[in-house]
Amino acid sequence: LKPFIRVAVTGAAGQICYSLLANICKGEMFGADQPVVLHLLDITPALGALRGVTLELEDCSFPLLVDFVVTDKPAEAFADVDVAILVGAMPRREGMVRADLLKANAGIFKAQGAALAAHAKPSVRVLVVGNPANTNALIALTTGSSLPKSAFTALTFLDHNRLKAQVACKLGVAVADVRNTFIWGNHSKTQYPDVSHGTVTNADGSLSRVMDLAESAWARDELVTTVQTRGAAVIKARKLSSAMSAAKAITDHMRTWWFGTEPDDIVSMAIYSDGTHYGVAEGIIFSFPVTIDAATGDINVVDGLDIDAFSQSMLDKTQAELIDEREAALAFLAE
Ligand code: NAX
C-alpha cells in the first residue's frame, strides 16, 4: 500500500456524503492501494449526526480507512490535506431570494478558501460541490489566493454524466460508447449540454456522429432542457435532491483528476477561466471540455472545437449568468 493521503470532506453529515464517504473508502476515487485519513467537517449542530456517520464508517471496517478527524473548525479540517471536497453549503430555504443564498455561501466559502490557503498542503486539489458551486469556487479561490488558481474546480460532472446517459438512452447504445459530449458554463439551468461534437463508437470501432443519428430539434431543445432540469426532476420524484448520482459524479471528477483522462476521452469540469478559451471572460469558474494529464494532474481545455451560432448563444447566456453571480458575490466579499 502507498503512504496515506489526507482528504477533507465538508458537509460530511449530509446526504451526498453518506454515499460519497463509502466511495472514497472503497478506493473508487484514489485507487485500491491508496489509504486515506478522512477530515470530516460539518457545522456544530450537525456533529451529533456526523458521529452516527463515523460509527458506521467504523462498522464498515474499510481496509483503506486509516483514521478520521471530526471537526466543526475549517482550520482543523484542512490541516495538511491533499484533497478538499467542499460539499457543505447553505441550502436555499423558503423565502430566501437568490441574493440571500449567494451572500450566505459567500461567507462560508470566503472562510474556507482562507483556511485552505493557510492550512492545506500547497499541492491541495479542491472540488467545490455546494451550490452555487461555480461562484462558491470563485470565492474560495479569491480568498485562498496563495494557492494556484488551478487548484480550484467545481462540479459539473453530474451534468456531464446525465447528458451522456440521455444520449445513450435516446440512441439505444451503451454509455461507454458515447464520447465528446460535454457541459459548458454554470452548474445551473443556464448550463449548455452540448452534443454537437458527440460521437458513438460502433461495434466495428468506427464512429458515428450523434448529430447524424438524432434530430437536431431533439439535441437543441428536449435534450438540453432534460439535462438542465434533471436535478429538479429528481427532487420532484424523490422529495430529496440527487445524492447517489452526485456522489458518483464527485468520485468520477476526483478519480479523473487523480489518474488522468482515458485516451480519446473528454470530460467536463468547471475551472478558472483565464480568458484564452472560446472567448469566455477571464475570472469566472466555467465548465469546459477538458482532458487531464495523468503525470502532472494539469487540467487542459480542449481548444479548437467549432462553435456554431446556436452553441455560441448558449455559451453567451451561461457566461452572462456567471458574471452576474460573480459581481453579486464579490460585492458581499467587499462588505
Ligand atoms: P444536505 O443538506 O443533505 O447536507 C449538507 C451538509 O452541509 C449538512 O450536513 C450541513 O450541516 C452541512 N453544512 C452547511 N454549512 C456548512 C459549513 N459552513 N461547513 C460545513 N458543512 C456545512 O445536502 P446535500 O444533498 O448533501 O447537498 C450538498 C450540496 O451539494 C448542496 O449545496 C447542493 O445544492 C449541492 N449539489 C451540487 C451538485 C453539483 O453538481 N454541483 C449536485 C448535487 C447537489 O445538489
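In what follows, the accompanying structure is described. (Residues numbered from 1 in each chain as written. Predicted model: local features only at pLDDT ≥ 70, side-chain atom pairs only at ≥ 80, totals over all residues. Heavy atoms only, no water.)

1. So, the overall build of the protein
The number of helices and strands found in the protein is 11 helices and 14 strands. In terms of overall dimensions, the protein is globule-like: its C-alpha atoms have a radius of gyration of 19 Å, near the 20 Å expected for 335 residues. A principal-axis box enclosing the C-alpha atoms of the protein has dimensions of 55 × 50 × 40 Å. Counting the 335 residues in the protein, one finds 52% classified as buried. Taking the contacts inside the protein whose residues are at least 6 apart along the sequence as the reference set, 72% of them involve residues at least 24 apart. Here the protein has roughly 14,500 Å² of accessible surface; of this, 55% comes from carbon and sulfur atoms. Side chains of the protein give 28 positive and 38 negative charges; the mean places of these two sets differ by 5 Å. (Helix = DSSP H or I, 4+ residues; strand = E, 2+ residues; numbered from the N terminus. Rg over C-alpha atoms; globule rule 2.2 N^0.38 Å. Buried < 20%, exposed > 50% of the residue type's maximum accessible area, 1.4 Å probe, protein only. Contact = heavy atoms within 4.5 Å. Areas by Shrake-Rupley, 256 points an atom, 1.4 Å probe, with all protein chains shown as cover. Lys, Arg positive; Asp, Glu negative; His and termini not counted. Charge placed at Lys NZ, Arg CZ, Asp CG, Glu CD.)

2. Section: the packing of helix α1 (residues 15-25) against helix α10 (residues 244-259)
Between α1 and α10, the least distance of the axes is 8 Å, while the angle of their chain directions is 40°. When the interaxial angle is binned, α1 and α10 end up oblique. For the crossing formed where α1 meets α10, the hand is right-handed. Two secondary-structure elements touch here, α1 through I16, S19, L20 and N23 and α10 through M244, A246, A247, K248, I250 and T251. The residue inventory of the contact of α1 with α10, partitioned by class, reads six nonpolar, three polar and one charged. (Axes fitted to C-alpha atoms, helices over the stretch in contact; angles between N-to-C directions. Parallel < 35°, antiparallel > 145°, perpendicular 65-115°, else oblique. Left-handed = near helix turned anticlockwise from the far one by under 90°. Nonpolar A, V, L, I, M, F, W, Y, C, P; charged D, E, K, R; others polar.)

3. Topic: the environment of E327
Relative to the helices and strands, E327 is located in helix α11 (residues 309-334). Residue classification places E327 among the partly exposed residues on the basis of a relative accessible area of 43%. With 286 residues separating them in the primary sequence, E327 and L41 have C-alpha atoms 28 Å apart.

4. As for the site of the ligand
The full set close to the ligand counts 22 residues, and Q15, I16, D42, V129 and N131 are the nearest of them. G14 is positioned with one of its backbone polar atoms (N or O) 3.4 Å from an oxygen atom of the ligand. The separation between an oxygen atom of the ligand and a polar side-chain atom of H187 is 3.3 Å. Every element with two or more residues in the shell around the ligand is listed here: α1 and α4 (98-119). (Near = heavy atom within 4 Å. Polar contact = N/O pair within 3.5 Å; in protein donor to acceptor, adjacent residues only side chain to side chain.)

5. What about the side chain of D82?
Residue position: D82 is located in the loop between α3 (74-77) and β4 (83-86). Polar side-chain contacts of D82 include one of 2.9 Å to the side chain of K121.

6. Remarks on the side chain of E325
Structurally, E325 can be placed in helix α11. When near neighbours in sequence (up to four residues on either side) are disregarded, E325 contacts R98, L102, P132, T135 and N186.

7. Digging into the sheet that holds strand β1 (residues 5-10)
Spatial strand order, β3-β2-β1-β4-β5-β6-β12-β13-β14: nine strands in an open sheet with mixed pairing. Each edge of the open sheet is held by one strand with a lone partner, namely β3 (65-71) and β14 (299-301). With direction set aside, neighbouring strand axes in the sheet form an average angle of 35°. Direction of pairing for β1 relative to β4: parallel, over a ladder of four bridges. Bridge pairing links A8 to A84 in β4. Lying on the sheet, α1 is in contact with β1, β2 (36-41), β3 and β4; it crosses β1 at an angle near 170°. Of the strands in this sheet, β1, β4, β5 (125-128), β6 (152-154), β12 (267-272), β13 (285-292) and β14 are in contact with α10, which crosses β5 at around 155°. (Pairing = 2+ DSSP bridges.)

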